[in-house]
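An overview of the molecular structure
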There are 2 protein chains.
Amino acid sequence: MLDETAANASTAEIMDGIGKAARAASRPLATLGGERRRAALLAMAEAIRAASDTILKANARDVAAARESDMGAAMVDRLALDADRIEGIATGIDAIADLPDPVGSVIASWDRPNGLKIERVRTPLGVIGVIYESRPNVTADAGALCVKAGNAVILRGGSDSVHSSRAIHACLVEGLKTAGLPGEAIQLVPTTDRAAVGEMLAGLDGNIDVIVPRGGRNLVARVRNDARVPVFAHLEGLCHVYVDASADLDMAKAVVVNAKMRRTSVCGAAETLLVDHRAAGTHLGPLIEALGEAGCEVRGSAAVVDLFADVAPAVAADWSTEYGDAIISVALVEGVEGAIAHIERYSSHHTEAVLAEDATVVERFFDEVDSAILLHNASTQFADGGEFGMGAEIGIATGKMHARGPVGVEQLTSFKYRVRGSGQTRP
Amino acid sequence: MLDETAANASTAEIMDGIGKAARAASRPLATLGGERRRAALLAMAEAIRAASDTILKANARDVAAARESDMGAAMVDRLALDADRIEGIATGIDAIADLPDPVGSVIASWDRPNGLKIERVRTPLGVIGVIYESRPNVTADAGALCVKAGNAVILRGGSDSVHSSRAIHACLVEGLKTAGLPGEAIQLVPTTDRAAVGEMLAGLDGNIDVIVPRGGRNLVARVRNDARVPVFAHLEGLCHVYVDASADLDMAKAVVVNAKMRRTSVCGAAETLLVDHRAAGTHLGPLIEALGEAGCEVRGSAAVVDLFADVAPAVAADWSTEYGDAIISVALVEGVEGAIAHIERYSSHHTEAVLAEDATVVERFFDEVDSAILLHNASTQFADGGEFGMGAEIGIATGKMHARGPVGVEQLTSFKYRVRGSGQTRP
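Residues numbered from 1 in each chain as written. Chains lettered and ligands numbered in written order. Predicted model: local features only at pLDDT ≥ 70, side-chain atom pairs only at ≥ 80, totals over all residues. Heavy atoms only, no water.

Scanning chain A from terminus to terminus reveals 14 helices and 16 strands. Taken along its principal axes, the extent of the C-alpha atoms in chain A is 75 × 65 × 45 Å. Per-residue burial over chain A gives 56% buried out of 427 residues. Computing the positive centroid from 41 side-chain charges and the negative centroid from 57, chain A places the two 9 Å apart. (Helix = DSSP H or I, 4+ residues; strand = E, 2+ residues; numbered from the N terminus. Buried < 20%, exposed > 50% of the residue type's maximum accessible area, 1.4 Å probe, protein only. Lys, Arg positive; Asp, Glu negative; His and termini not counted. Charge placed at Lys NZ, Arg CZ, Asp CG, Glu CD.)

This is the structure:
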């Protein structure tokens, strides 16, 4: 018991120091200018290229440990780096460096009758906590995105990638220092004590402004339940595609197959296909056939199975399941109204698509479905900050506060008002 | 004990029902269109005018109870209504009705190289919880603002104003129903059991999206500490005015006196005056004199007292005190850099003003001070949604997430992305 208490106290002290150092570093990061931050990012990328051998050696230790612990092959693949992946990490940081600087940009401006000129301008959020699992590239991506937006960041990686993350982190710190920015602007939690996560979720005495979890459902659920500070995250991406009777059939086949099958593991993959009952005789069969040809298992509602006896019947849980695999549930609905009702009941409010040529159907879907991203005649797999033209994203948020949808550099900022007067007093 | 348990269970059940009804009502409120919401607000104002006598009678009960309980005269004045104040409440709702409808407005739009057209459009937040104290007009203001932005609202007023709030709330519900909107879009918590507040702070099972406290420091502190959902609030308004050596003296005198003395109890009132040490011989004396003539007590730093022996010395606590009264603390600082350092240490990050003719001083102040509202050559008392041209505000937020500064109709919205394609699939 004594030992445990001492260990906990030590983690608490470490995390307290990290929080204070991050808050202090956030000031120069916010005020020394975008050119300095850009220079730091470019220097980070160079440092990663120069340290490629060191990073590979560190990664080899993580991979060896993972194999010994019987980690699955897919997980080992996520963890493993090679020269190409390291160059990809460096190139990614270069790309973030060249994004427009959000800090200080004027979001809105207007004049008042009394002559006051009001501007709303972007400011950094402050300190961002990132809690992630095994992918070591998150260390670089998340660190670079937060710094681009003028924020300090506290990174807490998974123990599986600890050596890789430390090697990459050293390069990020080197880049900061090369540009004359404080190394504490990107800190990697040094302890693998799980209590460190609890400290971060509690907000480090006001020294963390927002938490971003990057990882599986269990991690995100814990962060959302326990965090005492705002969280940018989505728990799941249970995305729907609705095919209206007015939809172009060839387009619908291509978009539905892409939405489901391009990559089945991403959060923007479609999980449920809703087909207008008026299209049961025209669209439903060809869509099921196209999905089957693409290698997708189809599970149908009772009405679908009645029409296509070779389709497996869906059970109640199917409508709430994010398969993350080549499986799709298919239901017939009463037009766009039925689709909206189904989506409201089962959606995770991440991304939904409507395939239709009837403009009133599209507008109703766009008005009434309350999800972060709505698409017309396009694949749900476009739910991605890069595809939105935001450059890079730290994740996708389904919360309605502050950030919703892709969380890119702009979403990692706050704002303030600047009001210019000429001696105005308030009557 | 049995009775108490039963009472608690009952409050939990009541609040659970209120949360579910609010969430259900938020759908038609969001989707039936801005014209419907505007009609409801106009009908609410009419209902309040028509029920003026009923409201006055209800208010008389609250005022009588307050006098019996030895409530202070200032508090009784806040509670008391008369015909003019009721007309003011109705006029305020009419003004909110006529604000531009934020729902569906396009915040940003851009096209992608693949032809996708992306729009970010405003949507309601959902359900807003408002917890307030004795001012019965908050019932009407907060209810109307939330509905204007397409949100359902759960109002929890203080027990002091319970009869007044119920009478006003009945008019709001009448207005909703007149326009064909569900009466549950504005609910007033019927019980004065304090456990109801705890239920709201816990978020009513996901049925409250954001909480707005309206009241004194103790209420706001409790809400900020205990809420498990986002909060729009400021704990205090410890606002600073910095007078640079380059400031126009006459302007500085007028603005400083207005910032402090126009209304000493509002959150935008100045509490600390920082004067450039290079202006100690030119500006400091006249500013102290002007404040004294306006009836303000001045408490000075050691350097100030050295120069002006009749100024009372400030103690350490003065720099952290929101007086809410005709008292100001005054310090000499080392130019704008010293002012920024003082503000960073003591400010509540609400509102600060810089009085200067030197543009580099102004830009540095605007860049480096991290508060919600920064003013140049204007009074801190302009920190107000109405003065910003937002029409009305539900409060001022000092948090950095989502809403910062005045919280008006726009800040009570979220957004979603609408993406229009022509069959795009993701490669």
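The subject of this paragraph is the sheet that holds strand β9 (residues 297-300) of chain B. Taken in spatial order, the 10 strands of this open sheet run β1(A)-β2(A)-β16(A)-β13(B)-β12(B)-β7(B)-β8(B)-β11(B)-β9(B)-β10(B), and their pairing is mixed. Both edges of this open sheet fall to β1 (106-111) of chain A together with β10 (312-313) of chain B, since each of them pairs with a single strand only. In this structure, strand β8 (residues 270-276) of chain B lies alongside strand β11 (residues 327-333) of chain B, joined through five bridges in parallel fashion. Bridge assignment links Thr272 of chain B to a residue of β11 of chain B, and that residue is Ser329 of chain B. Contacting β7 (239-243), β8, β9 and β11 of chain B, helix α11 (residues 280-293) of chain B runs over the sheet at an angle of about 155 degrees to β8 of chain B. (Pairing = 2+ DSSP bridges. Contact = heavy atoms within 4.5 Å. Axes fitted to C-alpha atoms, helices over the stretch in contact; angles between N-to-C directions.)

A word on the environment of Ser69 of chain A. All names here are of chain A. In this fold, Ser69 is placed in the loop between α3 (52-68) and α4 (73-79). With 91 residues separating them in the primary sequence, Ser69 and Asp160 have C-alpha atoms 9.9 Å apart. Only 2.9 Å separates the side chain of Ser69 from the backbone oxygen of Ala66, close enough to count as a polar contact. (Polar contact = N/O pair within 3.5 Å; in protein donor to acceptor, adjacent residues only side chain to side chain.)

All names here are of chain B. For the pair helix α13 (residues 335-346) and helix α14 (residues 359-368), interaxial distance at closest approach is 10 Å and the crossing angle is 20 degrees. Here α13 is positioned roughly parallel relative to α14, judged by the angle of their axes. The interaxial crossing formed by α13 with α14 has right-handed handedness. Note on element contacts: α14 touches α13 through Val361, Arg364, Phe365 and Glu368, opposite Val336, Glu337, Ile340 and Ile343. Its residues assigned to classes, the contact of α13 with α14 shows five nonpolar, no polar and three charged. (Parallel < 35°, antiparallel > 145°, perpendicular 65-115°, else oblique. Left-handed = near helix turned anticlockwise from the far one by under 90°. Nonpolar A, V, L, I, M, F, W, Y, C, P; charged D, E, K, R; others polar.)

Least-squares fitting of chain A to chain B yields an RMSD of 0.1 Å, with the superposition described by an axial translation of 0.0 Å and a rotation of 180 degrees. Put plainly, the chains are arranged around a two-fold axis. If distances are taken from each C-alpha of chain A to the rotation axis, the shortest is found for His402 of chain A, at 1.9 Å. Take the interface residues of chain A: 100% of them recur as interface residues in chain B, which is what a same-surface contact looks like. (Least-squares fit on C-alpha atoms with pLDDT ≥ 70 in both.)

Scanning all chains against the criterion turns up six aromatic pairs over all chains. For the pair Trp110 of chain B and Tyr417 of chain B, a centre-to-centre distance of 6.4 Å together with 75 degrees between the ring planes defines the contact as edge-to-face. In this pair, Trp110 of chain B is assigned in strand β1 (residues 106-111) and Tyr417 of chain B in strand β16 (residues 413-424), connecting sequence segments 307 residues apart. Taking the relative accessible area as the measure of exposure, Trp110 of chain B reaches 24% and is therefore partly exposed. A relative accessible area of 0% places Tyr417 of chain B in the buried class. Grouped by ring-pair contacts, the aromatic residues Trp110, Phe415 and Tyr417 of chain A together with Phe388 of chain B constitute a single cluster. Sitting above the plane of the Phe415 of chain A ring, Arg120 of chain A keeps its charged end 5.5 Å from the centroid. (Phe/Tyr/Trp six-rings, centres within 6.5 Å; stacked < 30°, edge-to-face > 60°. Lys NZ or Arg CZ within 6 Å of the ring centre and 35° of its normal.)

Attention now goes to the state of the cysteines. All names here are of chain A. A complete count under the given rule lists zero disulfides over all chains for this structure. Of all cysteine sulfurs, the one in Cys267 lies closest to Cys239, which takes part in no disulfide; the gap is 6.8 Å. Lacking any disulfide linkage, Cys296 is separated from the closest cysteine sulfur, that of Cys239, by 14 Å. (Disulfide = S-S within 2.5 Å.)

Moving on to the interface of chain A and chain B. Each side of the interface is counted separately: chain A has 74 residues, and chain B has 74 residues. Taken over both partners, the interface formed by chain A and chain B buries close to 6000 Å², and the fraction arising from carbon and sulfur atoms is 48%. Per-residue buried area on chain A facing chain B is highest for Met401, Tyr417 and Arg426 of chain A; these three make up 14% of the total on that side. Across the pair Arg426 of chain A and Glu387 of chain B runs a salt bridge whose closest N-O atoms are separated by 3.3 Å. Where chain A meets chain B, there are 56 residue pairs in polar contact (both at pLDDT 80 or more). When residues in the side of chain A that touches chain B are grouped by element, the largest group, 11 residues, is from strand β16 (residues 413-424) of chain A. (Buried area = accessible area lost by both parts, 1.4 Å probe. Salt bridge = Lys/Arg side-chain N within 4 Å of Asp/Glu carboxyl O.)

Before going further, it helps to examine the confidence of the model for chain A. Summarising the model, chain A shows a mean pLDDT of 94, and 98% of its residues fall at 70 or more. Here residues 1-6 of chain A is modelled with pLDDT under 50, and outside its nearest four sequence neighbours on either side it reaches zero contacts, counting other chains as well. (pLDDT = per-residue confidence, 0-100.)

Attention now goes to the sheet that holds strand β5 (residues 186-188) of chain A. Residues and elements named next belong to chain A. Here four strands make up an open sheet; going across it, the order is β5-β4-β3-β6 and the pairing parallel. Looking at strand neighbours, the two that pair on one side only are β5 and β6 (210-214), the edges of this open sheet. In this sheet, neighbouring strand axes are inclined to one another by 20 degrees on average, regardless of whether the strands run parallel or antiparallel. Bridge analysis of strand β3 (residues 127-132) against strand β4 (residues 152-156) gives five bridges, and the strand direction is parallel. Directly across from Val127, in β4, lies its bridge partner Ala152. In this fold helix α7 (residues 162-178) packs onto β3 and β5, with an angle of close to 160 degrees to the strand it touches most, β5. Against the sheet, helix α9 (residues 217-226) touches β3 and β6, its axis set at about 165 degrees to β6.

Residue and element names in this part refer to chain B. Considering the arrangement of structural elements, one finds Ser246 in the loop between β7 and α10 (249-261). Among the residues examined, Ser246 registers a relative accessible area of 24% and is labelled partly exposed. Taking C-alpha positions, Ser246 is 9.8 Å from His283, a pair spaced 37 residues apart along the chain. Excluding its chain neighbours within four sequence positions, the residues that come into contact with Ser246 are Ala356, Glu357 and Asp358. A polar atom in the side chain of Ser246 sits 2.9 Å from the backbone nitrogen of Glu357. Within polar-contact distance, the side chain of Ser246 engages the backbone nitrogen of Asp358 at 3.0 Å.

All names here are of chain B. For α10, with 13 residues, the first-to-last C-alpha span of 18 Å sits near the 18 Å given by 1.5 Å per residue. Three or more residues of α10 are buried, namely Met251, Ala252, Val255, Val256, Asn258, Ala259 and Lys260. Its side-chain oxygen placed 3.2 Å from the backbone nitrogen of Asp250, Asp248 serves as the N-cap of α10. (Expected span 1.5 Å × (residues − 1).)

A regular strand places its side chains on the two faces of the sheet in alternate fashion. Residues and elements named next belong to chain B. Only one face of β9 is covered, namely the one carrying Val298 and Gly300; the face carrying Glu297 and Arg299 has none of its residues buried. Bridge count between β9 and β11: four bridges; the pairing is parallel. From the neighbouring strand, Val298 faces β11, where its bridge partner is Ile328. As paired elements, β9 and β10 share two bridges and run parallel to each other. Bridge pairing in β10 places Gly300 opposite Pro313. Note that the unit made of β9, helix α12 (residues 302-307) and β10 has a crossover that is right-handed. (Right-handed = clockwise from strand over helix to strand, strands pointing away.)

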